[in-house]
Amino acid sequence: MSARIIMKLHVERRDQLDDDLVRIWLKHPLKPHLPAWSPGAHVDLRLEDGKIRQYSLTSDPQDLSRYAITVKRENDGRGGSSWIHEYLIEGVEARVSTPRNNFVLSETRSLLIAGGVGVTPLISMGQALNEKNLLYAFHFCSRRRQSNVERDLKNFCDSTLSTYVSDEPKSPRLDLVALIGSLPRDLHIYCCGPKRLMAEVKELTNDWNPKQIHFEFFSTEIDENYKPEPFNVIISSTGQTLRVPENHSILDMLRMAGHIIPSSCRQGVCGTCECVYRSGDVIHRDSVLSPDARQNRMMLCVSRARGSVTLDL
Ligand code: FES
């Protein structure tokens, strides 16, 4: 577990891609290079009120002179995108974390499925796959036509790109059943978009090897029926035992006990509070960790345990 460095970057430029879509270019005021990142990575952006939101990097990973994030204004969202659209103008300082990648690309033939602004992490991934001749196809669904985004995609994957625009009656519709049913079973699938799209892809790939199916979440899946129960946390280095009541997280209780634990989203989507555990029956409630990673790692902000869990702290 490690805290991410927060950088004070400047907004170098804004490109208004659509009424509700802006690309923001961020630069360090002094340093010529920003930390390296890989396709699919995101940064945390600190809002004025101290809250943090995650945004995928949509620039070229080879160009470390600046980062770009692309943000859709969500009028019924949690306020972060509206603040970015209104406040992050050229010259303003933005507090941005070093990049983290929870959506790591395999060096293998892959199909990309994007819905709406979920296209953002997939842009750099599609580019990287295309450069290695590993891009099987790129499917992009949106409600309105996103000409600027489509132009970016066509720059590298014109022949493998299919677009679906639901507001245009003549536009084709993505038939996921037919698409997934026709795919070679050695492909990896990367999907980011509305929950309904990701849920459908998940259902249709139920009988695939889970290691080949990848999703990027920017908000948590709330299970209304889940009833948290109290349990114990044991700190392996000291033997200290903490009780985690039903209305608190492990993260809360560790902090109350004086442990310094980095966190960001507190929703199980960013990966900042990841911790190794040594034993215990863990109830994983995050949207980040792969089935393999869950064998010995957990997210302290949302995951819980039955009985007790021993943390490698
Ligand atoms: S703080 Fe983001 S996953 Fe826990």
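Conventions and cut-offs
- Residues numbered from 1 in each chain as written.
- Predicted model: local features only at pLDDT ≥ 70, side-chain atom pairs only at ≥ 80, totals over all residues.
- Heavy atoms only, no water.
- Helix = DSSP H or I, 4+ residues; strand = E, 2+ residues; numbered from the N terminus.
- Polar contact = N/O pair within 3.5 Å; in protein donor to acceptor, adjacent residues only side chain to side chain.
- Contact = heavy atoms within 4.5 Å.
- Core = buried A, V, L, I, M, F, W, Y, C linked by side-chain atoms within 4.5 Å.
- Buried < 20%, exposed > 50% of the residue type's maximum accessible area, 1.4 Å probe, protein only.
- Pairing = 2+ DSSP bridges.
- Salt bridge = Lys/Arg side-chain N within 4 Å of Asp/Glu carboxyl O.

### Examining the side chain of Gln212
With respect to the element layout, Gln212 can be found in the loop between helix H5 (195–204) and strand S11 (213–215). Separated by 2.9 Å, the side chain of Gln212 and the backbone oxygen of Arg185 make a polar contact. If near-sequence neighbours (up to four positions away) are discounted, Gln212 is found in contact with Arg185, Asp186, Leu187, His188 and Ile189.

### Considerations on unusual backbone geometry
One non-glycine residue, Asn133, lies in the positive phi region at around 65 degrees. Tracing the chain through its elements places Asn133 in the loop between helix H2 (120–131) and strand S8 (135–142). In this structure, Arg266 takes a positive phi of about 55 degrees despite not being glycine. With respect to the element layout, Arg266 can be found in the loop between helix H6 (250–256) and strand S14 (274–283).

### Focus: the nonpolar core
Formed by 25 residues in total, the largest nonpolar core has its most connected members in Val233, Ile250, Leu254, Met298, Leu300, Val309 and Leu311. Mapped by element, the contributors of at least two residues to this core are strand S12 (231–235), strand S13 (241–244), H6, S14, strand S15 (297–299) and strand S16 (304–311). For this core, the element with the highest residue contribution is H6, accounting for four residues. Those residues within four positions of Val233 in sequence are excluded, and the remaining contacts are Gln240, Thr241, Leu242, Val244, Ile250, Val309 and Leu311. If you look at the next biggest cluster of nonpolar residues, it comprises 24 residues, including Val22, Leu88, Val92 and Val96.

### Concerning the pairing of S13
With burial as the criterion, only one face of S13 is covered, namely that bearing Leu242 and Val244; the residues Thr241 and Arg243 on the opposite face remain uncovered. Note that S12 and S13 share four bridges and pair antiparallel. Its bridge partner being in S13, Asn232 is matched across the sheet by Arg243. Between S12 and S13, which pair antiparallel one after the other, the connecting turn spans five residues, and Gly239 there sits at a positive phi close to 80 degrees.

### Focus: the pattern of salt bridges
What the rule picks out here adds up to 21 salt bridges. Linking Arg278 and Asp312 is a salt bridge whose minimum nitrogen-to-oxygen distance equals 2.9 Å. In this pair, Arg278 is assigned in strand S14 and Asp312 in the segment after S16, connecting sequence segments 34 residues apart. Taking relative accessible area as the criterion, Arg278 reaches 56% and is therefore assigned exposed. Bridged by salt links that share partners, the residues Glu12, Asp63 and Arg66 form one connected network.

Nothing here speaks to function; it is geometry throughout.
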